[in-house]
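# A closer look at the structure
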Amino acid sequence: MGDLKMEKNNFVISSDDFLAFLIEAKQNTYAGHRERASSSREKSKDYIFEKGIFTYRDSYFGNRTDIGEEVVWVNSMPFWAMNYKGRMLPEFYNIEKETFSFLRNALKLCSKDSPFRGPLYYTEGDFEYFNSFEGDISWFSGYEIIKYKKNELHNRKYH
């Protein structure tokens, strides 16, 4: 992938260093069932992870239908961001708790090869997680689906 370059301050960040931080941040915030940070905006749910020169914040609104944004700062300067929007289908609201617990388990499995959300495929009991994306860490879009007993119950777009 090469190096990612932040033009504003002319520093070069190794893509390996950046991806390692991003994965660690994701695994230690929402996916890791960590305590939320103070809300950055009215009614937002926020998670923060900091390490060295990097700061990560995931901030979202809603639950069954949600919209959110993840941002990484390098030395307090915005460096990378991802927006997402998802929804749970109403006929599955009765298994909401199990669905989001499963989603968190899938998101913990993000990797250098699939750093945006979860892995390309994950299964646990009657739940299945599917993730597809185009592009690389610098320019991408993707779509994830959760199925329960082969029925789609949740989907999300991200870019």
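For clarity, every value in this text was computed on a predicted model and none was experimentally measured. (Residues numbered from 1 in each chain as written. Predicted model: local features only at pLDDT ≥ 70, side-chain atom pairs only at ≥ 80, totals over all residues. Heavy atoms only, no water.)

### Focus: the sheet that holds strand β3 (residues 45-51)
- Sheet architecture is open: 8 strands sit in the order β3-β4-β5-β6-β10-β9-β8-β7, paired in antiparallel fashion. What marks the edges here is a single partner per strand, and that holds for β3 and β7 (121-124). For this sheet the average axis-to-axis angle between neighbouring strands, irrespective of direction, equals 15°.
- The pairing of strand β6 (residues 77-88) with strand β10 (residues 151-158) spans 5 bridges and is classified as antiparallel. Each bridged residue has a counterpart across the sheet, and for R87 the counterpart in β10 is N155. (Pairing = 2+ DSSP bridges. Helix = DSSP H or I, 4+ residues; strand = E, 2+ residues; numbered from the N terminus. Axes fitted to C-alpha atoms, helices over the stretch in contact; angles between N-to-C directions.)

### What to know about the pairing of strand β8 (residues 127-136)
- Where β7 meets β8, 4 bridges bridge the pair, whose relative direction is antiparallel. Note that in β8 the partner of Y122 across the bridge is Y129.
- Count of turn residues in the β7/β8 antiparallel hairpin: 2 residues, of which G125 carries a positive phi of about 60°.
- Relative to strand β9 (residues 139-148), β8 runs antiparallel, the two being bridged by 10 bridges. For F127, the partnering residue across the bridge sits in β9 and is Y148.
- A loop of 2 residues connects β8 with β9, the two strands running antiparallel in sequence.

### Observations concerning the packing of aromatic side chains
- Counted according to the given criterion, the structure contains 16 aromatic pairs.
- Plain terms: the ring middles of F140 and Y158 are 6.4 Å apart, the flat faces sit at 50° to each other, and that makes the pair tilted. With F140 in strand β9 and Y158 in strand β10, this residue pair connects regions lying 18 residues apart in the sequence. Per residue, the accessibility class of F140 equals that of Y158, and both read buried.
- Each member of the aromatic cluster is reached from another via a ring pair, and the members are F18, F21, F49, F54, F79, W80, F116, F133, F140 and Y158.
- Sitting over the face of the ring of Y30, R104 holds its NZ or CZ atom 4.0 Å from the ring centroid.
- R117 extends its terminal NZ or CZ atom over the ring of Y84, reaching a point 5.2 Å from the ring centre. (Phe/Tyr/Trp six-rings, centres within 6.5 Å; stacked < 30°, edge-to-face > 60°. Buried < 20%, exposed > 50% of the residue type's maximum accessible area, 1.4 Å probe, protein only. Lys NZ or Arg CZ within 6 Å of the ring centre and 35° of its normal.)

### Side note on the environment of E144
- Looking at the element boundaries, E144 is found in strand β9.
- A residue is classified by how much of its surface remains accessible, and E144, at 1% relative accessible area, is buried.
- Each residue touching E144, except ones within four places of it in the same chain, is listed here: L103, L107, R117, Y129, F130, N131, H154, N155 and R156.
- Engagement of the side chain of E144 in a polar contact is seen with the side chain of R117, the distance being 3.0 Å.
- A polar contact is formed between the side chain of E144 and the side chain of Y129, at a distance of 2.5 Å. (Contact = heavy atoms within 4.5 Å. Polar contact = N/O pair within 3.5 Å; in protein donor to acceptor, adjacent residues only side chain to side chain.)

### A few points about helix α1 (residues 15-27)
- Counted at 1.5 Å a residue, the expected span for α1 with its 13 residues is 18 Å, and the 18 Å between its end C-alpha atoms agrees.
- The complete set of buried residues in α1 reads S15, F18, L19, F21, L22, I23, A25 and K26.
- Between the side-chain oxygen at the start of α1 and the backbone nitrogen of D16 there is a gap of 3.2 Å, and the oxygen is on S14. (Expected span 1.5 Å × (residues − 1).)

### Details of the side chain of E70
- Looking at the secondary structure, you find E70 in strand β5 (residues 65-74).
- For E70, a relative accessible area of 2% puts it in the buried group.
- In this structure the side chain of E70 is engaged in a polar contact, spanning 2.5 Å, whose partner is the side chain of K26.
- If near-sequence neighbours (up to four positions away) are discounted, E70 is found in contact with K26, Y56, R57, D58, W80, A81, M82, Y84 and R117.

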